[in-house]
Amino acid sequence: MAADFLIRRVAVLGAGVMGAQIAAHLANAHIETLLFDLPAPEGEANGIVTQALDKLKQLDPAPLASPAKLSCIRAANYAEHLEQLRDCDLVIEAIAEKLEWKSDLYRKVAPYLGERAIFASNTSGLSINALAAAFPEPLRHRYCGIHFFNPPRYMHLVELIPGRDTEAVLLDQLETFLVSMLGKGVVRAKDTPSFIANRIGVFSMRATQHHAQTFGLGFDTVDALTGRYLGRPKSATFRTLDLVGLDIFSHVVTMMRETLTDDPWHAMFALPDWFERLVAEGALGQKSKRGVYLKVGREIHVLDLASGEYRPSEGLAAEAVKDILRERDWAKKLAGLHASRHPQAQFLWSVLRDVFHYCAVQLEHIADNARDLDFAMRWGFGWDMGPFEIWQAAGWQQVAGWIKDDIAAGRALSVTPLPDWALEPGRTGVHATRGSFSPSPPTPLPQAGEGGAQRREREQSYQPRSQLPVYQRQLFPDKLLGEERQYGETIFETEQARLWHLGDDIAILSFHSKMHTIGSEVLDALLRAVDEAEAHFSALVIWQTEPPFSVGANLLQVMQGVREAPEAGLFGKFKQAAQRVKYTVASGGGVGAVLDAAIGNLPRVEEVVAKFQRATMRLKYARVPVVAAVDGLAMGGGCEVALHCARVVATLESYIGLVEIGVGLLPAGGGCKEMALRAAQEARGGELFEPIKRNFQLIAMGEVSKSAELAREMGYLRPGDRIVMNRFELLHVARQEAAALAATAWRPPLPAPFPVAGRNVLATLRAGLVNFVEGGFISEHDHAIASRIAETLCGGDVDSGTLVDEQWLLDLERRHFMELLATDKTQARIEHMLKHSKPLRN
């Protein structure tokens, strides 16, 4: 952001669903926000806004990172508070999608805008130039579109749309603010109806609906085919419609039909009769409890077009088609779909073909380059790969030929030919290290005897990434297919971890293990990394190239360490189950992650538990600062690693917790010890009961923070730990924190005894557990686990205020962990998690 212009205060006009949630996300970034709406017709004048703010606290997923963030938002109304707009650096209009309503509001607020304020509309598709016409001409250079996606906190995409008079520097300032302060991925769209993401996304959904009907596939079958198999959200197509709201989708499609009259695919923007009938009946999806799907008791039913009635949802992908879809290589996958005569395969090929065709033709009209289109679909619709990336991965020339043949044969939805650039001989795709293809100005076809100057002219049509200074904070931005990436220079590397650097004195440790579980080899790497950092570097950062930070245990390894069993029998069944189930341990984790012995026994397990404790203590007392860069899940053992680092830098969307109870265990990598120590530090020599009780509840209930802000409130993060809004800036900020700590002559904390709560608090906690057992709220085994957690946190059977050292509590952790692991019921919980990927309450 330019040094002479910072966005410190923002006004949001309109307290509807989007306006209120945009205000909430501004509050998440700790930005002073005014939320405006009409004065209430009766009662308190700000009643409409007050009611909207109350609803924010009830929504799930939560728009607010913490309810405390509401203090950043002030209610205002147009009758009394327009003068307050003069002090706002940014004003975002988010009222209903009516051109005349927006224009009236613009004329009303224009006299009150500060002389340097940016005014932006959150329209999802109205013309920015048409809207700008409502402003006095001298103000139009400060106007643009700023399209957030719903829900604003969680959706990474924001489309930035300039008008013909918008100042370039204003767009740069706004993009910088959106990227770094709000954590967004920004693409600049052209002023065309529905911009980029909705234009492509809605067309894709309409093409899917059209071909589903053509091939006679049920809606549930379509959803079985078009979700994760294609790298798209689990909600796929029709479940997504129910989530979005059929009325919302109808409005968007209707607007596109009215404004895209010259689109060669215009017929696709007419909704089918069955869809309009559902909307007329008020069957709008999840919000009305009926849409394409309907829940009947515990069963999910789906609309059957043939009968017009709902039937049990049971649609499945055919086995032959599943075999094709399981192929990870898009070249083989798309070739298989194209060649297969199965209706499901032909349906999928038809949808993908028409989306590729549409993107190629429309690219020059809606976006500056192919990168912006692909990122728009990834960030706005949750696709793993953009349409051009898939096409490129599948073999550009081959797919282009298939599309051209289908157009000629009349099988495509439009006879519009592919643009010349898409058919260039030798083209291998649209993304490369030098940038992404831009069709404007038109790229000349390569000619026989083409000279170097001509070739350079053609290559200049590849646009590099933005050079705005804010992107220098993204050391490794979101990667596109075709881009090369090198993560620094290796110091050492094993199968499970790598230590590396970027040419300076900060070492970076990254895990290679699946979901970044912490196995014995990862522990070896942790210990070795601290040694290397102390010998040759000024600081150590633990950062993963992709989220999560760490999900915790590989429970199959736990069972391998507990049971001496042949490959057949029970262990063989566990292994087979693990191969069938894509296992993660979001609800169980911790020190069990350290076990990678092929077949072991309890003494061997205890040795590795002790090793985990040595590793976390080594992190804590390292002679150089260790910074944990947390993004996404930090569960069980992952949480314990973070707890022991000198500083944690976490993205807002970090979900942190000690969740071992889900598999019948307790934290034994120093998690209980550290939470007891933090309780003592919080008490400052006073009463320990309240902080110990809170931390006991966190661990005994396996509570996970729903944001980094809540993790701070729960005590998993400390006041000095940092929260980053943009995950792609995480490593940059973590390295800065590490450098700052090192620059201040970092010294580890001095080990010192601390007071524990002792037997009196332990008795109180156990009495509460008895009440829960007698009330039927927890099982006897839940009681046994929680009782051991309480004993560990309280320091055992000692007097209140007894001074103990950290090793005392580590020994308690390890003893209770081993005793629980030896029980049949804990082993049953682990086995159940392996087989079903969800906890067992026994």
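None of the values given here were measured: they were computed from a predicted structure.

What counts and what doesn't
- Residues numbered from 1 in each chain as written.
- Predicted model: local features only at pLDDT ≥ 70, side-chain atom pairs only at ≥ 80, totals over all residues.
- Heavy atoms only, no water.
- Salt bridge = Lys/Arg side-chain N within 4 Å of Asp/Glu carboxyl O.
- Helix = DSSP H or I, 4+ residues; strand = E, 2+ residues; numbered from the N terminus.
- Buried < 20%, exposed > 50% of the residue type's maximum accessible area, 1.4 Å probe, protein only.
- Axes fitted to C-alpha atoms, helices over the stretch in contact; angles between N-to-C directions.
- Parallel < 35°, antiparallel > 145°, perpendicular 65-115°, else oblique.
- Left-handed = near helix turned anticlockwise from the far one by under 90°.
- Contact = heavy atoms within 4.5 Å.
- Nonpolar A, V, L, I, M, F, W, Y, C, P; charged D, E, K, R; others polar.
- Pairing = 2+ DSSP bridges.
- Phe/Tyr/Trp six-rings, centres within 6.5 Å; stacked < 30°, edge-to-face > 60°.
- Lys NZ or Arg CZ within 6 Å of the ring centre and 35° of its normal.

### Details of the pattern of salt bridges
Side chains that differ in charge, positive against negative, can pair when their charged atoms come close.
And step 1. On inspection of all chains with the given rule, the structure shows 54 salt bridges.
And step 2. A salt bridge links Asp 247 to Lys 287; the shortest N-O distance between them is 2.9 Å. Pair noted here: Asp 247 is in helix H9 (residues 246-259) and Lys 287 is in the loop between helix H10 (273-280) and strand E9 (293-296), with a separation of 40 residues, a long-range link.
And step 3. Under the relative-accessibility criterion, Asp 247 is labelled partly exposed at 26%.

### What to know about the packing of helix H23 (residues 671-683) against helix H29 (residues 806-821)
And step 1. Interhelical geometry of H23 versus H29 gives an angle of 140° and a closest axis separation of 8 Å. When the axis of H23 is compared with that of H29, the two are oblique. Crossing of H23 against H29: the hand is right-handed. Of H29, the residues touching H23 (which contributes Gly 671, Cys 672, Lys 673, Glu 674, Ala 676 and Leu 677) are Glu 806, Leu 809, Leu 810 and Glu 813.
And step 2. Taken together, the residues of the contact of H23 with H29 break down into five nonpolar, one polar and four charged.

### Comments concerning the sheet that holds strand E3 (residues 73-77)
And step 1. Pairing is mixed across the open sheet formed by eight strands, whose spatial order is E3-E2-E1-E4-E5-E6-E7-E8. This sheet does not close on itself; its edge strands, each paired only once, are E3 and strand E8 (185-188). Averaged over neighbouring strand pairs, the angle between their axes works out to 25° when direction is ignored.
And step 2. Bridging between strand E2 (residues 32-37) and E3 involves five bridges; their strand directions are parallel. In the strand pairing of E3, Leu 35 is matched with Ala 75.
And step 3. Strand contacts of helix H14 (residues 370-381): strand E7 (157-162) and E8, with the helix running at about 140° to E8, the strand carrying the most contacts.

### A look at the packing of aromatic side chains
And step 1. Following the criterion strictly, the structure yields 32 aromatic pairs and no others.
And step 2. Between the aromatic rings of Phe 203 and Trp 265, the centroid separation amounts to 6.1 Å while the plane-to-plane angle is 80°, which identifies the pairing as edge-to-face. Here Phe 203 is found in helix H6 (residues 197-214), whereas its partner Trp 265 is found in the loop between H9 and H10, with 62 residues between them in sequence.
And step 3. For Trp 265, a relative accessible area of 1% gives the class buried.
And step 4. Judged by centre distance (4.3 Å) and plane angle (5°), the ring pair of Phe 375 and Trp 379 falls under stacked. One end of the pair is Phe 375 and the other is Trp 379, both in helix H14 and four residues apart, which spans about a single turn.
And step 5. Classification of Trp 379 by relative accessible area gives buried; the value is 13%.
And step 6. One aromatic cluster in this structure is built from Phe 356, Phe 388, Trp 391, Trp 396, Trp 421, Phe 437 and Tyr 462.
And step 7. Directly above the aromatic system of Trp 330 lies the positively charged group of Lys 333, at a separation of 4.5 Å from the ring centroid.

Function cannot be read off these values alone, since they describe shape.
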